[in-house]
Amino acid sequence: MSMINYASREINCKIVYYGPGLGGKTTNLEHVYRKVAPDTRGKMVSLATETERTLFFDFLPVDLGTIRGFKTRFHLYTVPGQVYYNASRKLILKGVDGVVFVADSQVERMDANIESMQNLYNNMAEYGYDLTKIPFVVQYNKRDLPNAASVRELQAQLNPGWEVADEARQVERRDPAHPNEFLVEQLGGVWVERAPHYESVAITGDGVFETLRSVAKLVLKSLS
Amino acid sequence: MTGAGTWSLDEGDYQRITEHLTVLLQEASARCALLVDRTGQLLASVGERPSFDPTAFASLTAADFSANDQLAKMIGEPEFASLFHQGEKESMYLADVARRVILVVLFDNRTTVGMVRLRVKRTVGDLTTLFHAMFDRSAARERDVARGPLEGAEDEIDRLFED
């Protein structure tokens, strides 16, 4: 639920990083924290267990620039990835404006990715939010590992696309991040849309800002 | 509804909110009052300037309230409309406003929780009326053709995110 504060000239938006446990959600935020200028970010809050597993959430506020005289403040949250923390995971989604799904590219984690994606759809639906209609980006993390599945396989399993029923949106749209791919295209007579996807190695920072910029831009465009 | 929606706070709203909070602080002899929305965004802060990071405080407040809401449901209550956290010197009292906003009052031993609770009750009533009017106005604005401040700002957004 983005909040436009005319008094302080700020637009506040909430972005949630979702995905299976140990997939790199917290690492994404830590990289953003380290790399942005200290005067454009706030304090990073982590509610974690003693073994540094996210217990409730991580939180990081960042300013990404000014548009029309309004400072754009993004509140980045991660959820706990472990299956049994679903109650707290669901709470964090309340009022979300954009979602990043951080998938673990390792072949052995495919089932965990699929389970987490399904859980995301279910939790969003319980709030009455439709993931196909809000800013949503998929990040394939840990691309540097030798046991990483191919992006084609990950796309097929996690981001196969949804049917575009609205005729006004049935227009071929190229993926700006992957010139030979489409975000909206006709496949076998059916119009299909996919979430934009990015490859990353969050621990070195590769792909972290591309993902954040992509979802932040989609959120602001949804307000324009 | 497909997403969480948008709402806005204008200068007039902000001024009315801070007036209510200022009266509350004076009457309850409390130190500081903050308004936080349920998604964890700080809307207003009145009184002594907090020594902590107010943005982080706001996100934790929303999480605290949300977690307690779920605990309430587990024990068969629809909600806990207010929460009280007692410290040795500093305490805080949190109250729901219109199911969308949380009023947080920080106070020390110059007053009592009973006094704070009593005064908060009236402020919650005043703020509830004010916020309902704001939400209705935001909903009406969303239905209008001319929407928020970013209407038609696509090019500017593109430029902001250029590499």
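Residues numbered from 1 in each chain as written. Chains lettered and ligands numbered in written order. Predicted model: local features only at pLDDT ≥ 70, side-chain atom pairs only at ≥ 80, totals over all residues.

Engineer: Could you clarify how one ought to interpret the overall build of chain A in this entry?
Structural biologist: Along the backbone of chain A there are five helices and twelve strands. If one aligns the C-alpha atoms of chain A with their principal axes, the spans along those axes are about 50 × 45 × 35 Å. For chain A, buried positions account for 46% of its 224 residues. In chain A, the proportion of contacts linking residues at least 24 apart, taken out of those at least 6 apart, comes to 67%. (Helix = DSSP H or I, 4+ residues; strand = E, 2+ residues; numbered from the N terminus. Buried ≥ 20, exposed ≤ 12 C-beta atoms within 10 Å, placed from the backbone. Contact = placed C-beta atoms within 7 Å.)

Engineer: Sorry, what's going on with the overall build of chain B here?
Structural biologist: Within chain B, the regular secondary structure consists of four helices and six strands. Counted from the first residue to the last, chain B has its helices and strands arranged as β-α-β-β-α-β-β-β-α-α. The dimensions of chain B, computed from C-alpha atoms along their principal axes, are 55 × 35 × 35 Å. Relative to its 163 residues, chain B shows a buried fraction of 35%.

Engineer: Explain the sheet that holds strand β2 (residues 32-37) of chain B to me, please; I cannot follow it from the model alone.
Structural biologist: Two orientations exist for strands paired in a sheet by backbone hydrogen bonds: parallel and antiparallel. Residue and element names in this part refer to chain B. Across the sheet, five strands lie side by side as β3-β2-β6-β5-β4; this open sheet has antiparallel pairing. Two strands in the sheet have a free side with no partner beyond their single neighbour: β3 (42-47) and β4 (82-85). Going across the sheet, the axis of each strand differs from the next one's by a mean of 15°, ignoring polarity. Bridge analysis of β2 against β3 gives five bridges, and the strand direction is antiparallel. (Pairing = 2+ DSSP bridges. Axes fitted to C-alpha atoms, helices over the stretch in contact; angles between N-to-C directions.)

Engineer: What am I meant to see in the pairing of strand β6 (residues 98-104) of chain A here?
Structural biologist: Working note: regular strand, side chains alternate between the two faces of the sheet. All names here are of chain A. Counting buried positions along β6 yields seven of seven residues, so the element is predominantly enclosed. Of the two faces of β6, the one holding Gly98, Val100, Val102 and Asp104 and the one holding Val99, Phe101 and Ala103 are both buried throughout. When strand β2 (residues 10-18) meets β6, the two strands line up parallel, connected through four bridges. Residue pairing in the sheet places Tyr17 in a bridge with Val100 of β6. This β-α-β element, β6 to helix α3 (residues 110-126) to strand β7 (residues 136-141), shows right-handed connectivity. (Right-handed = clockwise from strand over helix to strand, strands pointing away.)

Engineer: I tried to follow the interface of chain B and chain A on my own but got confused; where do I start?
Structural biologist: It is common to report an interface's size as the accessible area lost on association of the parts. Contacts between chain B and chain A engage 37 residues on the former and 39 residues on the latter. Elements that contribute at least two residues to the side of chain B that touches chain A include exactly β1 (6-9), α1 (11-28), α2 (54-74) and α4 (154-160) of chain B. If you tally residues by element for the side of chain B that touches chain A, the top one is α2 of chain B, at eight residues. Class assignment for the residues of the side of chain B that touches chain A results in 15 nonpolar, 14 polar and eight charged. Here strand β1 (residues 2-5) of chain A runs beside β1 of chain B; their pairing, made up of four bridges, is parallel. Each residue of the ladder has a partner; that of Ser2 of chain A, found in β1 of chain B, is Thr6 of chain B. (Nonpolar A, V, L, I, M, F, W, Y, C, P; charged D, E, K, R; others polar.)

Engineer: When you look at unusual backbone geometry in this model, what are you seeing that I'm missing?
Structural biologist: Glycine aside, a negative phi is what most residues show, and trans is what most peptide bonds show. All names here are of chain A. If you check the backbone angles, Arg9 has positive phi at about 55° while not being a glycine. By the element assignment, Arg9 lies in the loop between β1 and β2. The backbone of Arg68 shows a phi angle near 50°, a positive value even though the residue is not glycine. Residue position: Arg68 is located in the loop between β4 (54-67) and β5 (70-78). Given 16 C-beta atoms within 10 Å, Arg68 falls into the partly exposed group.

Engineer: For this particular structure, what's the right way to read the domain arrangement of chain A?
Structural biologist: All names here are of chain A. Along its sequence, chain A is organised into domain 1 (3-159 + 196-223) and domain 2 (161-194). Computed from C-alpha coordinates alone, the two centres of domain 1 and domain 2 are separated by 23 Å. With four residues of domain 1 at the interface, the matching set in domain 2 holds six residues. Residue classes in the side of domain 1 that touches domain 2 are distributed as two nonpolar, two polar and no charged. (Domains from an automatic or database assignment.)

Engineer: Looking at this structure, I do not really get the environment of Val105 of chain B. What am I missing?
Structural biologist: Residue and element names in this part refer to chain B. One can find Val105 in strand β6 (residues 101-107). Exposure remark for Val105: the 27 C-beta atoms within 10 Å place this residue in the buried category. Val105 sits 77 residues away from Ala28 along the chain, and the two C-alpha atoms are 9.5 Å apart. Ignoring sequence-local partners within four residues, the contact set of Val105 consists of Ala28, Ala30, Ala33, Met92, Tyr93, Val116 and Val120.

Engineer: Would you mind going over the nonpolar core with me for this structure?
Structural biologist: The nonpolar side chains of soluble globular proteins are, as a tendency, buried together. Val16 of chain A together with Ala33, Val36, Leu103, Val104 and Val105 of chain B are the most contacted members of the largest nonpolar core, which has 94 residues in total. The leading source of residues in this core is helix α5 (residues 208-223) of chain A, at eight residues. (Core = buried A, V, L, I, M, F, W, Y, C linked by C-beta atoms within 7 Å.)

Engineer: Is there a simple way to explain α3 of chain A in this structure?
Structural biologist: Because the α-helix completes a turn every 3.6 residues, residues three or four places apart line up on one side. All names here are of chain A. With 17 residues, α3 should cover 24 Å at 1.5 Å per step; its first-to-last C-alpha distance of 24 Å lies within 8% of that length. Turning to α3, its buried residues are Ala112, Asn113, Ser116, Met117, Leu120, Asn123 and Met124. Take α3 and look down its axis: the buried residues cluster within an arc of 135°, on one side only. Along α3, the residues that are exposed and aim more than 90 degrees away from the buried face are Asp111, Glu115, Gln118, Asn122, Ala125 and Glu126. Buried residues in α3 make contact with β2, α2 (86-92), β6 and α4 (151-158). Backbone geometry just downstream of α3 places Gly128 in the positive-phi region, at approximately 80°. (Expected span 1.5 Å × (residues − 1). Arc of directions from axis to C-beta.)

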